Every structure is written in C-alpha cells, then in structure tokens.
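So you can see what is in the structure, the chains are spelled out below.
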Amino acid sequence: MDDLLSDQLEESKMLMEEAIEHLERELVKVRTGKASPAMLHGIMVSYYGVPTPINQTANVSTADSRTITVQPFDKSNLQSIEKAIFEANLGITPQNDGDLIRLNIPPLTEERRRQLAKVVKSEGEEAKISIRNARRDAMEHIKKEVKNGYPEDAGKRKEEQVQQWTDNYSKQVESIVENKEKEVMTI
C-alpha cells in the first residue's frame, strides 16, 4: 500500500516538474528584443515532404544581438525553411539572400512589452494551475488510501509533503515569471 502511494506521489511531483519545464520552454518563445536561436524551436519544416524540426535541417545561430541566421544544410531546402518561418507567425519577416536566411529582430515598443508581460503572467498562471491540479490528485490519492486503512498520521505527513512540493514549485514559477518580466520590460 505504501509503495503504491509513494509511486502516485512521485508521479504528482513529476507532473509539477513538467509544469516548470513547460513554462520555461514557452517563455523561451516570448521575444525580448534580443535574438535567440531558441525562438525558432518548435518550427517544423517540410523536409522532402516530412515535417522536421528546423534545427535538423539548418544551422540556426545569432549573428549579433538583433539578427538570427538560418543556414540550411541543403540549399534546395531554403524555400521550405523560409516558408515555415513565415508561417510560424513570429512577427518577423525572413530575408532570403540565396545562401542563408536572416531574421532581423525589431526593437520592442512599450505597448508590445506590456503585452508580452501579460503573456508571461498568463503562462505562469497556467503552470501554477497544472501544479495545483497535480496537488489535488495527490491529495485525493492520500485520502483514498487513508480510507482503505493507511495510517491517518502518516497520511497527514504525506499531505504536508505534497503541500511543501506545491509551495516550492509555485515559488519557482513566480521567480521564473518575475525574471522573464524584467527581461521583457528592460530596453
């Protein structure tokens, strides 16, 4: 009984960690006015008819703080890479010079910075909701096991442990969101 409960609690903890990882992946996509190859993660290119991540079809790097360069491994793929970037709707127009694609990151306006800060907060809130959902499920498992004969005082300790995890992961989310907001609002 204890092993089953421990496995379920570990699964809940893993879900909380996944919420943090998902938040970090989503916030990488939020533009801060600085060029980052991570902005192109998740873009799929039609590579000979097969959807393939852009970093497997081209070398993605930063030329300077405002420019991302995309150099395809196979020049015949240049058009499909350009099309995929355009369709990703990043708010950046790719510039194709025949050898590589340049993406010039425009400076952000104050209004756009505020919008991005709201996006960051909403992503953080979604992560917190995921953490609370994992907490709720863990608490339900604990209560069910207590009903089935698991010692009540041990159940209380498990509940305190789950609450401590929830608090720690929520603080991590707040810290990540706060740092990203500073990054977005800094000119």
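Residues numbered from 1 in each chain as written. Predicted model: local features only at pLDDT ≥ 70, side-chain atom pairs only at ≥ 80, totals over all residues. Heavy atoms only, no water.

Draft legend 1. Geometry of the pattern of salt bridges. In this structure the tally under the stated criterion is 13 salt bridges. The shortest N-O distance in the salt bridge between E178 and K182 comes to 3.8 Å. In this pair, E178 and K182 both sit in helix α4 (residues 152–185), 4 residues apart, roughly one turn of the helix. Since its relative accessible area comes to 44%, E178 is described here as partly exposed. One network of salt bridges, with partners in common, ties together R136, D137 and E140. (Salt bridge = Lys/Arg side-chain N within 4 Å of Asp/Glu carboxyl O. Helix = DSSP H or I, 4+ residues; strand = E, 2+ residues; numbered from the N terminus. Buried < 20%, exposed > 50% of the residue type's maximum accessible area, 1.4 Å probe, protein only.)

Draft legend 2. Spatial organisation of the packing of aromatic side chains. The final tally for this structure, using the stated rule, is 1 aromatic pair. When the ring of Y47 is compared with that of Y48, the centres are 4.8 Å apart and the planes differ by 65°; the resulting orientation is edge-to-face. Look at Y48 and you get exposed, because its relative accessible area is 58%. (Phe/Tyr/Trp six-rings, centres within 6.5 Å; stacked < 30°, edge-to-face > 60°.)

Draft legend 3. Fine view of the sheet that holds strand β6 (residues 101–104). Ordered by their spatial adjacency, 4 strands build an open sheet running β3-β4-β6-β5, and the pairing between neighbours is antiparallel. Two strands bound the open sheet, and with one partner strand each, they are β3 (58–64) and β5 (95–96). In this sheet, strand β4 (residues 67–72) lies alongside β3 in antiparallel orientation, the contact comprising 6 bridges. The residue of β4 that forms the bridge with S61 is T69. Packing against the sheet, helix α2 (residues 78–87) makes contact with β3, β4, β5 and β6, and its axis sits at approximately 20° to β6. (Pairing = 2+ DSSP bridges. Contact = heavy atoms within 4.5 Å. Axes fitted to C-alpha atoms, helices over the stretch in contact; angles between N-to-C directions.)

Draft legend 4. Quick look at the packing of helix α1 (residues 2–28) against helix α3 (residues 110–147). Close contact between α1 and α3 brings their axes to 9 Å; oriented N to C, the two are set at 175°. Overall, the two elements α1 and α3 adopt an arrangement that is roughly antiparallel. Mapping the contact onto sequence places L4, L5, Q8, L9, S12, L15, M16, A19, I20, L23, E26 and L27 in α1 and V120, E123, G124, A127, S130, I131, A134, R135, A138, H141, I142 and E145 in α3. When grouped by side-chain class, the residues that make up the contact of α1 with α3 number 15 nonpolar, 5 polar and 4 charged. (Parallel < 35°, antiparallel > 145°, perpendicular 65-115°, else oblique. Nonpolar A, V, L, I, M, F, W, Y, C, P; charged D, E, K, R; others polar.)

Draft legend 5. Expanded view of the nonpolar core. Core analysis: the largest hydrophobic core is formed by 26 residues, its most contacted members being L9, L23, I131, V162 and V173. When residues no more than four places from it in sequence are discounted, the contact partners of V173 are I20, L23, G124, A127, K128 and I131. With 18 residues, the next largest nonpolar core counts A35, M39, L40 and I92 among its residues. (Core = buried A, V, L, I, M, F, W, Y, C linked by side-chain atoms within 4.5 Å.)

Draft legend 6. How the structure looks around a negative patch on the surface. Taken together, D2, D3, D7, E10, E11, E17, E18, E21 and E24 make up a surface patch of like negative charges. Inspection of the secondary structure puts D7 in helix α1. (Patch = residues over 30% accessible without salt bridge, like charges linked within 9 Å, V, L, I, M, F, W, Y side chains within 5 Å. Areas by Shrake-Rupley, 256 points an atom, 1.4 Å probe, with all protein chains shown as cover. Lys, Arg positive; Asp, Glu negative; His and termini not counted. Charge placed at Lys NZ, Arg CZ, Asp CG, Glu CD.)

Draft legend 7. Highlighting unusual backbone geometry. Positive phi, close to 55°, is recorded for Y48, a residue that is not glycine. One can find Y48 in the loop between β1 (44–47) and β2 (50–53).

Draft legend 8. Geometry of α1. A rise of 1.5 Å per residue sets the reference length of α1, with its 27 residues, at 39 Å; its end C-alpha atoms lie 39 Å apart and thus fit the reference within 8%. Within the sequence span of α1, burial applies to L5, Q8, L9, S12, M16, A19, I20, L23 and L27. Of the surrounding secondary structure, the elements contacted by the buried residues of α1 are α3 and α4. (Expected span 1.5 Å × (residues − 1).)

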